[in-house]
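Survey of secondary and tertiary structure
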Amino acid sequence: MSSRPVLVYADAKGNIFDFPELEMAGSSAGRWHRVSPRDWIPLPEGSELFLLPERLPVGYHSRSKTFRVLSHDPYESAKPVQAVAAFAAPAHTQTYCAAYQKLPGAKLLPLFAYTAVGWQRDRFVVAARRVDPDERQDFRHFDLARIDKNARRRMAQQSTNRLMQHLGKCALTYGCPAARNLFLDRWEAPLPTSPDCNARCLGCISRQDHPGLCATQDRITFVPTAEEIVAIAGPHLQNAPGALVSFGQGCEGEPLLQAKTLQQAIVLMRETTRRGTINLNTNASLPRAVEKLRRAGLDSMRVSLNSCQPQFYGAYYRPRGYTFDDVMQSVRIMKASAGFVSLNYFVLPGFTDDLEEWNSLRRLIDATGIDLIQLRNLNIDPEWYLSSLDFRPHGKPIGISRLIEKLRTEFPRVRLGYFNPPLNSAEH
Ligand code: SF4
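Not measured: the values here are computed from a predicted model.

All right, on to the overall build of the protein then. Along the backbone of the protein there are 11 helices and 21 strands. What you see for the protein is a C-alpha radius of gyration of 22 Å, in line with the 22 Å of a compact globule of 428 residues. Taking the principal axes of the C-alpha coordinates as reference, the protein spans close to 70 × 50 × 40 Å. Residues counted as buried form 57% of the 428 residues belonging to the protein. Within the protein, residue pairs in contact and separated by at least 24 positions form 78% of the contacts whose partners lie at least 6 positions apart.

So, about the domain arrangement of the protein. Taken domain by domain, the protein holds domain 1 (6-130) and domain 2 (139-427). Across the contact, 30 residues belong to domain 1 and 40 residues belong to domain 2. Overall, the association of domain 1 and domain 2 removes approximately 2700 Å² of surface from exposure, summing both partners, and the carbon and sulfur fraction of that is 60%. Contact with domain 2 buries area across many residues of domain 1, yet Thr93, Leu108 and Leu111 alone supply 26% of it, more than any other trio. Our count for the contact surface shared by domain 1 and domain 2 stands at four salt bridges. Residue Glu405 is joined to Arg38 by a salt bridge in which the shortest nitrogen-to-oxygen separation is 2.9 Å.

Attention now moves to the layout of surface pockets. Any space left empty among the atoms is revealed by the rolling of a water-sized probe across them. Taken as a whole, the second largest pocket spans an internal volume of roughly 220 Å³. In terms of lining residues, the second largest pocket is bounded by 17 residues, among which Asp39, Tyr96, Lys396, Ile398 and Gly399 are the most central. Those elements giving two or more residues to the lining of the second largest pocket turn out to be strand S3 (31-34) and helix H11 (400-410). Element by element, the count of residues in the lining of the second largest pocket is highest for H11, at three residues.

Time to look at empty space enclosed by the protein. This structure, assessed with the given rule, holds one cavity of 30 Å³ or more. Estimated volume of the largest cavity: approximately 90 Å³. Lining of the largest cavity is provided by Leu7, Val8, Met24, Ala25, Pro57, Val58, Ala83, Val84, Ala98, Ala99, Ala116 and Val117. Every element with two or more residues in the lining of the largest cavity is listed here: strand S1 (6-11), strand S2 (16-28), strand S6 (55-61) and strand S8 (81-87). When the residues that make up the lining of the largest cavity are grouped by side-chain class, the tally is 12 nonpolar, no polar and no charged.

Among the nonpolar cores identified, the biggest contains 95 residues, and Phe247, Met269, Leu305, Tyr316 and Ile373 are the most heavily contacted of them. Among the domains, domain 1 (6-130) and domain 2 (139-427) are the pair contributing at least three residues each to this core. If near-sequence neighbours (up to four positions away) are discounted, Met269 is found in contact with Leu191, Ile229, Val230, Ala233, Leu237, Val245, Phe247 and Ile278. Counting residues in each nonpolar core, the second largest holds 10 residues, with Leu52, Phe87, Leu109 and Ala113 among its members.

A word on the sheet that holds strand S18 (residues 300-305). Taken in spatial order, the seven strands of this open sheet run S15-S16-S17-S18-S19-S20-S21, and their pairing is parallel. Here the strands that pair on one side only, and so sit at the sheet edges, are strand S15 (188-191) and strand S21 (415-417). Neighbour-to-neighbour, the strand axes of the sheet open up by a mean angle of 25 degrees, direction not taken into account. Bridge count between S18 and strand S19 (residues 340-347): six bridges; the pairing is parallel. For Ser300, the partnering residue across the bridge sits in S19 and is Phe340. Packing against the sheet, helix H8 (residues 324-336) makes contact with S18 and S19, and its axis sits at approximately 160 degrees to S18. Against the sheet, helix H9 (residues 355-368) contacts S18, S19 and strand S20 (372-377), and its axis sits at roughly 175 degrees relative to S19.

Our next topic: the packing of helix H4 (residues 226-239) against helix H5 (residues 259-272). Put simply, H4 and H5 touch, their axes get as near as 9 Å, and they point 35 degrees apart. In this structure, H4 meets H5 at a crossing whose hand is right-handed. Side by side, H4 and H5 meet where Ala226, Glu227, Ile229, Val230, Ala233, Gly234, Leu237 and Gln238 of the first sit next to Thr261, Gln264, Ala265, Leu268, Met269, Arg270 and Thr272 of the second. Among the residues making up the contact of H4 with H5, the classes are represented as eight nonpolar, five polar and two charged.

Tracing the backbone through its elements, the reader meets Pro42 in strand S4 (residues 41-42). For the pair Pro42 and Arg123, spaced 81 residues apart in sequence, the C-alpha to C-alpha distance is 7.1 Å. Those residues within four positions of Pro42 in sequence are excluded, and the remaining contacts are Arg123, Phe124, Val125 and Val126.

Attention shifts here to unusual backbone geometry. Note: most residues except glycine have negative phi, and most peptide bonds are trans. Here Arg318, not a glycine, exhibits a phi torsion of approximately 45 degrees, which is positive. Within the secondary structure, Arg318 sits in the loop between helix H7 (310-317) and H8. Judged by relative accessible area, which is 23%, Arg318 ranks as partly exposed. With a phi angle near 60 degrees, Ala338 is a residue other than glycine that sits in the positive phi range. Counting through the fold element by element, Ala338 comes out in the loop between H8 and S19.

Our next topic: the side chain of Gln258. By secondary structure assignment, the location of Gln258 is in the loop between strand S16 (244-247) and H5. Leave out the neighbours within four places in its chain, and Gln258 touches Thr193, Ser194, Pro195, Asp196 and Val223.

Cut-off values and rules
Residue indices begin from 1 for each chain and proceed along its sequence in written order. Residues qualify for local features only when their pLDDT is at least 70, as the model is predicted, and side-chain atom pairs are given and counted only at 80 or more; totals for whole chains, interfaces and linings, by contrast, use all residues. Side-chain descriptors were evaluated using all non-hydrogen atoms of the structure, hydrogens and water having been removed beforehand. Secondary structure elements follow DSSP: runs of H or I no shorter than four residues count as helices, runs of E no shorter than two count as strands, and numbering proceeds from the N terminus. Our radius of gyration is a C-alpha quantity, and the globule rule it is checked against amounts to 2.2 Å times the number of residues to the power 0.38. Each residue is placed in one exposure class: buried if its accessible area under a 1.4 Å probe, protein chains only, is under 20% of its type's maximum, exposed if it is over 50%, and partly exposed if it falls in between. Contacts between residues were defined by any pair of non-hydrogen atoms, one from each residue, lying within 4.5 Å. These domain boundaries are the output of an automatic or database domain assignment. Throughout, the accessible surface (probe 1.4 Å) given up by two parts as they are put together, summed over both, is called the buried area. Salt bridges are counted wherever a side-chain nitrogen of Lys or Arg sits within 4 Å of a carboxyl oxygen of Asp or Glu. Definitions used for this entry: grid spacing 1 Å over protein atoms alone; cavity, a set of points where a 1.4 Å probe fits but cannot get out; pocket, an open set with protein on both sides within 12 Å along at least 5 of 7 lines; lining residue, one with an atom within 4 Å of a point. Grid points are joined across faces, edges and corners, and a volume is the space filled by probe spheres set on the points. When residue character is reported, Ala, Val, Leu, Ile, Met, Phe, Trp, Tyr, Cys and Pro are called nonpolar, Asp, Glu, Lys and Arg charged, and the others, Gly included, polar. Residue types Ala, Val, Leu, Ile, Met, Phe, Trp, Tyr and Cys, when buried and joined through side-chain atoms within 4.5 Å, form a set referred to as a nonpolar core. For two strands to be treated as a pair, DSSP must find at least two bridges joining them. The angle between two axes is taken between their N-to-C directions and runs from 0 to 180 degrees, where each axis is a line fitted to C-alpha atoms and a helix contributes only its stretch in contact. Working rule for handedness: look at the near helix, and if it is turned counterclockwise from the far one by less than a right angle, call the crossing left-handed; if clockwise, right-handed.

Right, dumping it as structure tokens:
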């Protein structure tokens, strides 16, 4: 019996079974792969398992060295089956997507990442790697009762602060890890501000125009005042361990569209304390606005990118009134003033490790001097994404595990991770 993980599949009711006849397989831009030992880990706590309706599981048959599609339940041949995928916990980057064969007319998959999962020695394993040792979003650190008590108390204490009410809902209803940490007075706290955006990302989780998809988060409907923002951010920067506050959250549009408010808020924060890190998660579309925020006291900026190739960036972000060059100009402005810049680099096996994409990433790192690459899983139906970008592979993909190793050896100065780092060492 192979020591490799075996295939898992689900029946029509969603019960999940293992099938030792076939090994777990992975997919990379639609091509099936045998998964090697360095590509899987035990499924981390806080991960979820998803059923993939209208998609048949695919496994690897080691004796015949072929991939096999499981078209029906191997134990009850009349019964239909469906594929299974994992949604890996934060801090983990997928190395392979789930391997499956889509049935004709299958509906789009919702906006999540679908990572290959298998069964080995009585536990689930996932094709992923931990890329950040930081435990700020590890499920076991969330004391839900304390979060509930603190959130309700602070919402009551600041009942007229609309942002506090919004963040209370984020923590209590959506379980947003950053909002939970705010109410545990530690680490990174979120500061959403913008109902609007100047992009129309295919995979936007807060506003969707595709009829077959729904946004997984309600977008904020108001622009908080600088006073509402600093009433939350000030005490957090002053007191929290690893204090960091971040504009630009999943529940909003583009924060740079509220640059005037952000500038006022940053000035007020720095009048309150020099402690902690003020960060901006952004599509970096407005270089002039970035310049003003940097001058006001912004410490770091995280730029979200699905690709370092302008044609694929444009096809995904569908930018309104800005270009890929504007994004790069914003990065240069931050670096020219010694600001800290991260990439929020969406990882999709077969696309991110395509040779052309890898060479584009190398050029971007050389040209900009970025400090950190956050390797985050792209939350989207992989087949729809690749066809929307009209992507054609350039030969055999490098492999995500190998890409991570190449980044480490070729760019030792560039940090790899998953989270925004606290920069202000004085406070620790
Ligand atoms: S930049 Fe953010 S808010 Fe704007 S469309 Fe893209 S994902 Fe949505």
